[in-house]
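The primary structure of each chain is shown beneath.
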Amino acid sequence: MPVIEQLEHSADYYVRIVADDAEDLFKGGLMSIVMYCVADVDTLQSYNITISEPCKLSAESIEELFVRFLNEILYKMDEKNAVFFDISINRLTGNLLDATIYGVSRSTVDMEREIKSATYHNLAIEQVMKKVTATVLFDV
Amino acid sequence: MVKYTAVLFPTDFSEFSNVALVHAAYICRSCNARLIVLHVVEEVLLPDPIEYMGVYESINEIQKHIEEEAKKNLAILKKDSRLAGIEVSTDISNGKPFLEIVKYSRENKIDLIVMGTHGSSGLNHVLFGSTAEKVVRKAPCPVLTVKHPDHSFSMP
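To keep things clear, this report deals only with the structure shown in the data block. (Residues numbered from 1 in each chain as written. Chains lettered and ligands numbered in written order. Predicted model: local features only at pLDDT ≥ 70, side-chain atom pairs only at ≥ 80, totals over all residues. Heavy atoms only, no water.)

### Let's talk about the overall build of chain B
- Counting secondary structure elements, chain B contains 6 helices and 5 strands.
- In chain B, the order of α-helices and β-strands from amino to carboxyl end is β-α-α-β-α-α-β-α-β-α-β.
- In chain B, of all internal contacts separated by at least 6 residues, the share reaching a separation of at least 24 is 76%.
- With an accessible surface of roughly 9000 Å², chain B has 54% of that area assigned to carbon and sulfur atoms. (Helix = DSSP H or I, 4+ residues; strand = E, 2+ residues; numbered from the N terminus. Contact = heavy atoms within 4.5 Å. Areas by Shrake-Rupley, 256 points an atom, 1.4 Å probe, with all protein chains shown as cover.)

### Examining the side chain of B:Ser105
Residues and elements named next belong to chain B.
- Mapped onto the elements of the fold, Ser 105 is located in helix H5 (residues 97–107).
- You can call Ser 105 buried: its relative accessible area is 1%.
- Leaving out residues up to four positions away in the same chain, Ser 105 has contacts with Leu 8, Ile 110, Ile 113 and Pro 140. (Buried < 20%, exposed > 50% of the residue type's maximum accessible area, 1.4 Å probe, protein only.)

### Some remarks on the nonpolar core
Residues and elements named next belong to chain A.
- Judged by nonpolar contacts, the single largest core of 45 residues is most densely connected at Ile 33, Phe 66, Phe 69, Leu 97 and Phe 138.
- Listed by contribution, the elements that provide at least two residues to this core are strand E2 (13–19), helix H1 (22–37), strand E3 (51–58), helix H2 (62–79), strand E4 (82–92), strand E5 (96–105) and strand E8 (131–139).
- When residues of this core are assigned to their parent elements, the largest contribution, 8 residues, is made by H2. (Core = buried A, V, L, I, M, F, W, Y, C linked by side-chain atoms within 4.5 Å.)

### Some points on unusual backbone geometry
All names here are of chain A.
- Unlike most non-glycine residues, Asn 81 shows phi in positive territory, near 50 degrees.
- For Asn 81, a relative accessible area of 39% gives the class partly exposed.
- Positive phi, normally seen in glycine, also occurs at Asn 122, with a value near 60 degrees.
- Of note, Asn 122 is situated in the loop between strand E6 (117–118) and strand E7 (124–128).

### With respect to the packing of aromatic side chains
Residues and elements named next belong to chain A.
- Taken as a whole, this structure holds 4 aromatic pairs over all chains when the rule is applied.
- Ring geometry for Tyr 13 versus Phe 138: centroids 5.4 Å apart, planes at 25 degrees, classification stacked. One end of the pair, Tyr 13, is in strand E2; the other, Phe 138, is in strand E8, and 125 residues separate them in sequence. Each member of the pair Tyr 13 and Phe 138 is classed as buried.
- Summarising the aromatic geometry, the rings of Phe 26 and Phe 69 are spaced 5.1 Å apart at their centres and angled 50 degrees between planes, so their arrangement reads as tilted. In this pair, Phe 26 is assigned in helix H1 and Phe 69 in helix H2, connecting sequence segments 43 residues apart. Accessibility classification places Phe 26 together with Phe 69 in one group, the buried group.
- One aromatic cluster is present, formed by Tyr 13, Tyr 36 and Phe 138 through successive ring pairs.
- Directly above the aromatic system of Tyr 36 lies the positively charged group of Arg 113, at a separation of 4.0 Å from the ring centroid. (Phe/Tyr/Trp six-rings, centres within 6.5 Å; stacked < 30°, edge-to-face > 60°. Lys NZ or Arg CZ within 6 Å of the ring centre and 35° of its normal.)

### A look at helix H2 (residues 21–31) of chain B
Residues and elements named next belong to chain B.
- Residues Leu 21, Ala 24, Ala 25, Ile 27 and Cys 28 constitute the buried set of H2. Buried residues in H2, looked at end-on, bunch into an arc of 165 degrees, giving them a common side.
- Tucked into the core, H2 has its buried residues touching strand E1 (6–10), helix H1 (15–18), strand E2 (34–41), helix H4 (59–78), strand E4 (112–116) and strand E5 (143–146).
- In the segment just after H2, Asn 32 is the residue with positive phi, at about 55 degrees. (Arc of directions from axis to C-beta.)

### With respect to the sheet that holds E5(A)
All names here are of chain A.
- Read from one edge of the open sheet, 3 strands run E3-E5-E4, paired in antiparallel fashion. The open sheet is flanked by E3 and E4, the only strands paired with a single partner. Within the sheet, the average angular offset between the axes of one strand and its neighbour, ignoring direction, is 25 degrees.
- In terms of strand pairing, E4 meets E5 through 9 bridges, oriented antiparallel. Note on E5: the bridge partner recorded for Ala 82 is Ser 105.
- Packing against the sheet, H1 makes contact with E4 and E5, and its axis sits at approximately 170 degrees to E4. (Pairing = 2+ DSSP bridges. Axes fitted to C-alpha atoms, helices over the stretch in contact; angles between N-to-C directions.)

### Structural notes on the sheet that holds E1(B)
Residue and element names in this part refer to chain B.
- The 5 strands lie next to each other as E3-E2-E1-E4-E5, forming an open sheet whose pairing is parallel. Where the open sheet ends on each side, the last strands, each with one partner, are strand E3 (88–94) and E5. On average, each strand axis in the sheet is inclined to that of its neighbour by 25 degrees, with strand direction left out of account.
- Seen against the sheet, H4 touches E1, E2 and E3 and runs at an angle of roughly 165 degrees to E3.
- Each of E1, E2, E3 and E4 is contacted by H5, which is oriented at about 150 degrees to E2, the strand it contacts most.

If you want it as structure tokens, here you go:
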């Protein structure tokens, strides 16, 4: 289970995600978006999933893959007018992701705020002890 | 080496938006790329559809009328002398402009989007129109935004 901590930032949404492994990190990335956008995040797990979307991405590095993944989630939220809060990962390597994301229509959720995009600014993904840690800045 | 084969030029037919046309044409000519001119018809949102039904026959008819006008404008644009010698196609989609532009780019393997920084609203006090800003953030390809020469940014 990833741990998400919001870090000090004057204008944007800056988070640190501490995860057990790379898959857990991507789940944490998804959760960090949900935590910012949805007013009552705890209620989401009681929703019946009504929307699922494939999410297949490739990139040159794990950092690029992670940012592309976060921006893909944000795009799909707009495209499908949905909130995605769960993910199943079929395959994840250092430069490839094959997953399915799950969610519900935005109209059924109390949306609080919007994220414009995930950025490369201050981005870091590293292995610390037996954990994978990432810091990522979202433009809001 | 960068090679552009399909360039997208989204337009709302405004003076602000069409200022990017010459840049798109120049790139297409230089790279022998085809140009796709896209117009997005925004959904007609009325505060009280039932009340407005009395004024207009139906929302669908308004939408149809807007689409017909858009087709005429696209046909005129396609014959624009500035596009001479370029393979040009046109398309219309319906929805939110930024989303449709990004979606179109993803689905049609667009290499480059060339668009105006502002659309028909042309708000002088904002550096970047909201559609252009969102397209830049979410597009799968590079985006060239072009400012109207007379457009200056003044601090609010």
